[in-house]
Amino acid sequence: MKKRWTALLLALAMLSALAVGALADEQKKDETAAETAQTAPDAEGTLRFENLSARMKTGYYTVMSLEENIAAIECIDYDKMYEDLRDGLNQIAEAQWMMLQIPGAGETYTYKSLQDQYDTLRKTFDDIKEGKLQQDNADLVRQLRNAQASLLAAGESLYVGLLALEDQSAALTRQNAALDRTIEEVKLRYELGQVSAMTLQQTEAGKAQMESGKAAIDAAAAQLRRQLNAMIGEELTAPLTLNALPEVTAEQLAAMDVEKDLEKAKAASYDLYAAKLTLEDADEEYKDKAGDLGYNKDNYEYIAVKHQWQAAQYTYNAAVQNFELSFRSLYDSVQSYASALNAAKVSLECERSDLAAAQLRYEQGTISENALHTAEDELYTAQDTVSGAERDLFTAYNNYRWAVDYGLLAG
């Protein structure tokens, strides 16, 4: 693709030299504002998943920088640039003609420098005339948009990851409370001579390990929270409370069509588009080199060039095939996580029934308070399983949508 970007880099240099371009019009500003509008403003110190992309677009420096680079390209007035280049070419030609009136001036460094400038301007001039520069710029905008989308998707993954850590920390807090009850019971049994000192020490050591694990999770969560704050333009150490993830509805799952969605994803994929451009460059290079060699099948140089050309085609086909494999895996993962969530919900209902029965037996005096707490802990565990399954399903579905809408494959 190096050939395709050469004209673009020359044009961008000419933009500075010729001072062309204009501000984006008001309609473009309105469109941008619409894209960055929040569904509903977040309360101070909170963040809704639905608002994350909008807040990143107005608060994340890297995303904002990409947007400015895109705007710098999209505001180019090619008609004005074309006329400025024409004027520049005429001025250089006139200066060269005047120098040629002086004997020997045509061999000077100044004259040769003017000729180099003329050739550079002429190349850009011809590229605009043929539409090549416009296409190269459109390709670069697509590349920058893809980079933006990748950052937004990464922000969403971070949001989900932070929620997962918070859930793990809450689960460990409950487990720690359960372990405290166990320690008290073991201490009592130790005093009664029913267990050894070793058993008591091991139980207390388990508590220390659990507290250490929770501290590590909390530290990781704090780090992710700082990163998320940076992405939405908040102070790094500002308190931040995340709202629950949106629910993946049965309607959304039913609307998934792997074949139609795959075609949309392939059309939206920048990676496949770039791979296609690389293949086109390989085709052009093959035609040039093979033509120079007269397509001589007995010439080892031609044979080598043909093999390189064939390798480029296989590389492109492999890229398409790998994309399709990854996309279908995304689809399958959504279906798998949906089934896992349904199973987790069934188990949760069973645990609710078991807890209700345990509460009745406790009121009747047939089980101990610790046994009741154990039933409560099992219910909490089942609830955690459902929460994890919901998060897994949402992550899989969200990754699927990024693939369909933007051609981005997770991982």
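In the block above lies the structure referred to throughout.
An account of the accompanying structure is given in this report.

About the cut-offs
- All residue numbers refer to positions counted from 1 along the written sequence of the respective chain.
- Since the coordinates come from a predicted model, pLDDT governs what is reported: local features require at least 70, and pairs of side-chain atoms require 80 or more to be given and counted, while whole-chain, interface and lining totals use all residues.
- Each side-chain value is derived from all of the structure's non-hydrogen atoms; neither hydrogens nor water enter the calculation.
- Buried Ala, Val, Leu, Ile, Met, Phe, Trp, Tyr and Cys residues form a nonpolar core when they are joined through side-chain atoms within 4.5 Å.
- Note on classification: 1.4 Å probe, protein chains only; a residue is buried when its accessible area is under 20% of the maximum for its type, exposed when over 50%, partly exposed between these limits.
- Axes here refer to lines fitted to C-alpha atoms; in helices the fit is confined to the stretch in contact. Angles between the N-to-C directions go from 0 to 180 degrees.
- Runs of E in the DSSP output that reach at least two residues are strands. Runs of H or I that reach at least four are helices, and both are numbered from the N terminus.
- Left-handed describes a crossing whose near helix is turned anticlockwise from the far helix through less than a right angle; right-handed describes the clockwise counterpart.
- Contacts: residue pairs with any heavy atoms within 4.5 Å of one another.
- Each residue gets one of three labels, nonpolar for Ala, Val, Leu, Ile, Met, Phe, Trp, Tyr, Cys and Pro, charged for Asp, Glu, Lys and Arg, and polar for the others, Gly among them.
- Every case where a carboxyl oxygen of Asp or Glu lies within 4 Å of a side-chain nitrogen of Lys or Arg is listed as a salt bridge.
- Throughout this description, any angle smaller than 35 degrees is read as roughly parallel, any larger than 145 degrees as roughly antiparallel, any in the 65 to 115 degree range as roughly perpendicular, and the remainder as oblique.

### Re the nonpolar core
Formed by 65 residues in total, the largest nonpolar core has its most connected members in Leu 47, Tyr 159, Leu 228, Leu 242 and Phe 327. In this structure, Tyr 78, Leu 89, Ile 92 and Tyr 111 belong to the second largest nonpolar core, which totals 21 residues.

### Some points on the packing of helix α7 (residues 132-191) against helix α11 (residues 270-292)
The geometry of a pair of packed helices is captured by two quantities: the angle between their axes and the separation between those axes. Running from N to C, α7 and α11 cross one another at 145 degrees; their axes reach a closest spacing of 10 Å. By crossing handedness, the relation of α7 to α11 is classed as left-handed. Of the residues in α11, those touching α7 at Gln 135, Asp 139, Arg 142, Gln 143 and Asn 146 are Tyr 270, Tyr 273 and Leu 277. Looking at the contact of α7 with α11 residue by residue, the classes come out as 3 nonpolar, 3 polar and 2 charged.

### Points about the environment of Asp 271
Mapped onto the secondary structure, Asp 271 falls in helix α11. A relative accessible area of 54% means that Asp 271 is categorised as exposed. C-alpha of Asp 271 to C-alpha of Leu 409: the two residues are 138 residues apart in sequence and 9.9 Å apart in space.

### Things to note about the pattern of salt bridges
Scanning the entire structure with this criterion turns up 22 salt bridges. Across the pair Lys 207 and Glu 211 runs a salt bridge whose closest N-O atoms are separated by 3.1 Å. On the criterion of helical spacing, the pair formed by Lys 207 and Glu 211 is a turn pair, its members being 4 residues apart in helix α8 (residues 197-231).

### Some points on the packing of helix α10 (residues 258-268) against helix α13 (residues 369-406)
The interhelical angle for the contact between α10 and α13, taken along N-to-C directions, is 60 degrees, at an axis separation of 6 Å. Between α10 and α13, the angle is such that the two are oblique. Taking contact as the criterion, the partners of Val 258, Asp 261, Lys 264, Ala 265 and Ala 268 in α10 are, on α13, Tyr 400, Ala 403, Val 404, Asp 405 and Tyr 406. Residues that form the contact of α10 with α13 fall into these classes: 7 nonpolar, no polar and 3 charged.

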